[in-house]
Amino acid sequence: MENENPNEDGIENQIDENGVALYAPKGTGDDTPFSFESEAAPAGQGDGGVFPEAAPAGQGDGGVFPEAAPAGQGDGGVFPEAAPAASDWERSFDSVASAAGSGRDPAGDHDEAVGFPEEAAGQPVEADDGHAALDFSRAFEPVSGLADAASQPDDSEQLSDSGSFGFLSKETDDDRRVVEFELAQERVDSTMATLVESQRTFFNTSQTRDVNFRILQLKKLYRAIKDNEGLLVEALQKDLAKSPYETYATEIGLVLHEIRYVIRHLKAWARPRRRQGDLHLFPAHFNIYTEPLGVSLVMSTWNYPILLSLDPIVSSMAAGNTVILKTSEYAAATNAVLKAMLEKTFNRSYLAVVEGGYTENHALLEQHFDFIFFTGSQNVGRIVMSSAARFLTPVCLELGGKSPCIVDSSANLEVAARRIVWGKFLNAGQTCVAPDYVLVDKGIKDKLIELMKLEIRRQFGEKPLENKDYPKIINERRFVHLSTLCPKAEMDFVTNKISPTIMDLGGMNDRTAVDAEVMQEEIFGPLLPVLCFDNLNSVMEYISSKPVPLSLYIFSTNAGNIRRVTQELRFGGGCVNDVVFHLASSKAPFGGAGESGMGNYHGIYGFRTFSHEKAVLVQSLKFDTKIRYAPYSAKLLKLLKKVLR
């Protein structure tokens, strides 16, 4: 039986067939329940998976937050230590182009007043000797649709009564499609291999080891982002219906801030460090050099396509690597702008962009990279790690997980409600560090829910689905999946928007909560389950029994509770009395642990992730202790035991 009685605050409370209370703003005029059979797009239609073994919908990637400081504030708007002229590096790119078939990337003059190159655009690839240059452009043409195209009837063929095309049997036609797909895969494999070899050839010139070269490239990237800001905003509006404010606050502004921070500190990070040796090595000392790894692959995702593409690139460039960026096939408009922007600014033998789906992913993972950085689901992360293992390639995996948010009885409920609603429904819940579910003390559960209902209305209006600043779900497949998790949520099948919805699941160990489908996977959408607990001990046991979350949040003024949660529970990172903002800083590491990932980045942590620290012992010629040389004696052994203990 369904109960639908609006309460006094104008937000409709619903009870579904499982007894789950739902709270979401309700539009007026149409109370007719929708029918999946008549209105929903069939699950599986739309964009498809990145890999055949793609993660279940709902496991996802991404992360961010707003309110980044405007670029240019904090350092006087001027980068220190302006890089030298780019002419030397232009000749280096030319030499690589001659060897690998790539074109030249003139950096142009730069404005000394602000330390930026005035012109950052590269030139089209041309052959200097009359021979055709290597055509990298085909590497960036998605070919994942070739198999589908091959499966369509040729207009020139007639369909026979038996269902085969012309004189071909069904078996022959199937074989033809298989062969065409394999040929397409081989073509992309060959193109990717050529691209990787081109980048390795340039890396081996050692030009990227020069810190001034790295700083110049980062300044070019900064300028390119600023010049294309309007196009990036328009693209994200198409892909996710993000507002210009949210786009800048959660993506563009954060990348610009990261670039400025890295440039200010890069020379200090890259400087060799001296360490005194141990007593048994006296009088030797160590020089520790931080060197780049080589050719890096950055595999990005769709929910924050600018931030999660460019932030890792900044770290890789700062460390002195070359980069191939593989964008997600879902954010097509943003990917197109990123590709055009980056390939206009940089030579492909230094930084290249690859679009596409399974075919391109497979081709890239067949190549030997020196480092792979992946942001995405846990299932696809396993595929990436397995492929990297064949070459013993190190990886950094930024994955997802169900991030809990704890609210104890001492919390400031007004602040908690406001910040939880903001963090959860940012980007329509498509944020890897969003609070995935709330664990609240049973004595304050009802009060917290009421306050969150009011905050939903205050932040998104009476009709969130009509709010032009409220983002949409990325595609129909994801939309339909989320709609099955909470069929009674307010949603729009035309715009792919789902209204912010609170789901009261009762006690965290109740059968309703245990069996709820929404608690079986990362939600990655605007649905917020609320579960109540009796005491903190039960919360600690509950979270400890689950996979390690990417993030964890606690709202409390009880120092003991805060200490227990932050020090005794495993999680990638988190906040006390806030959500999401822990990844806003370039001064702190961001990354997962356990099932939510490995490795971290941002600021110096990203620089270290994409670098190798090489220790070189420097020994004196003035002393040569005989304790290490044969013949050995009992006296020398006694002395050795005194030194090494």
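Residues numbered from 1 in each chain as written. Predicted model: local features only at pLDDT ≥ 70, side-chain atom pairs only at ≥ 80, totals over all residues. Heavy atoms only, no water.

**Quick notes on the overall build of the protein chain**
Within the protein chain, the regular secondary structure consists of 19 helices and 22 strands. Burial statistics for the protein chain: of 645 residues in total, 54% are counted as buried. Taking all contacts inside the protein chain whose residues are at least 6 apart in sequence as the whole, residues at least 24 apart take part in 76%. Accessible surface computed for the protein chain: about 28300 Å², of which carbon and sulfur atoms make up 51%. (Helix = DSSP H or I, 4+ residues; strand = E, 2+ residues; numbered from the N terminus. Buried < 20%, exposed > 50% of the residue type's maximum accessible area, 1.4 Å probe, protein only. Contact = heavy atoms within 4.5 Å. Areas by Shrake-Rupley, 256 points an atom, 1.4 Å probe, with all protein chains shown as cover.)

**With respect to the confidence of the model for the protein chain**
On average, residues of the protein chain score 80 in pLDDT, and 73% of them reach the 70 mark or higher. A low-confidence stretch, residues 1-12 stays under pLDDT 50, and its non-local contacts, those more than four residues away or across chains, total 28 contacts. In this model, residues 26-169 is a region of pLDDT below 50 whose contacts with residues beyond four sequence positions or in other chains number 311 contacts. (pLDDT = per-residue confidence, 0-100.)

**Here we look at the sheet that holds strand β12 (residues 395-398)**
What the six strands build is an open sheet, ordered β10-β9-β8-β11-β12-β21; its pairing is mixed. The strands lining the two open edges of the sheet, one partner per strand, are β10 (351-354) and β21 (597-598). The strands touched by helix α8 (residues 307-319) within the sheet are β8 (295-299), β9 (322-326), β10 and β11 (371-375), with β9 carrying the most contacts at an inclination of about 165°. (Pairing = 2+ DSSP bridges. Axes fitted to C-alpha atoms, helices over the stretch in contact; angles between N-to-C directions.)

**Some words on the environment of E455**
For E455, the position within the fold is in helix α13 (residues 445-460). By relative accessible area, E455 is classed as buried at 9%. Not counting the four nearest positions on each side in its chain, E455 is found in contact with A417, R418 and V421. Of note is the side chain of E455, whose polar atom sits 3.0 Å from the side chain of R458. (Polar contact = N/O pair within 3.5 Å; in protein donor to acceptor, adjacent residues only side chain to side chain.)

**Considerations on the sheet that holds strand β22 (residues 611-618)**
Within a sheet, each strand pairs with its neighbour through backbone hydrogen bonds, oriented either parallel or antiparallel. What the three strands build is an open sheet, ordered β6-β7-β22; its pairing is antiparallel. Looking at the sheet topology across the chains shown, the edges are occupied by β6 (273-276) and β22. Here the average twist between neighbouring strands, direction ignored, is 30°. With eight bridges connecting them, strand β7 (residues 285-292) and β22 associate as antiparallel partners. Counterpart to I288 in the pairing with β22 is A615.

**What about helix α7 (residues 244-270)?**
With 27 residues, α7 extends 36 Å between its outermost C-alpha atoms, agreeing within 8% with the 39 Å of an ideal straight helix rising 1.5 Å per residue. Remark: the principal bend of α7, roughly 45°, maps to R264. For α7, the buried fraction is high: 19 of the 27 residues fall into the buried class. (Expected span 1.5 Å × (residues − 1). Bend = angle between axes of the 7 residues up to and from the residue.)

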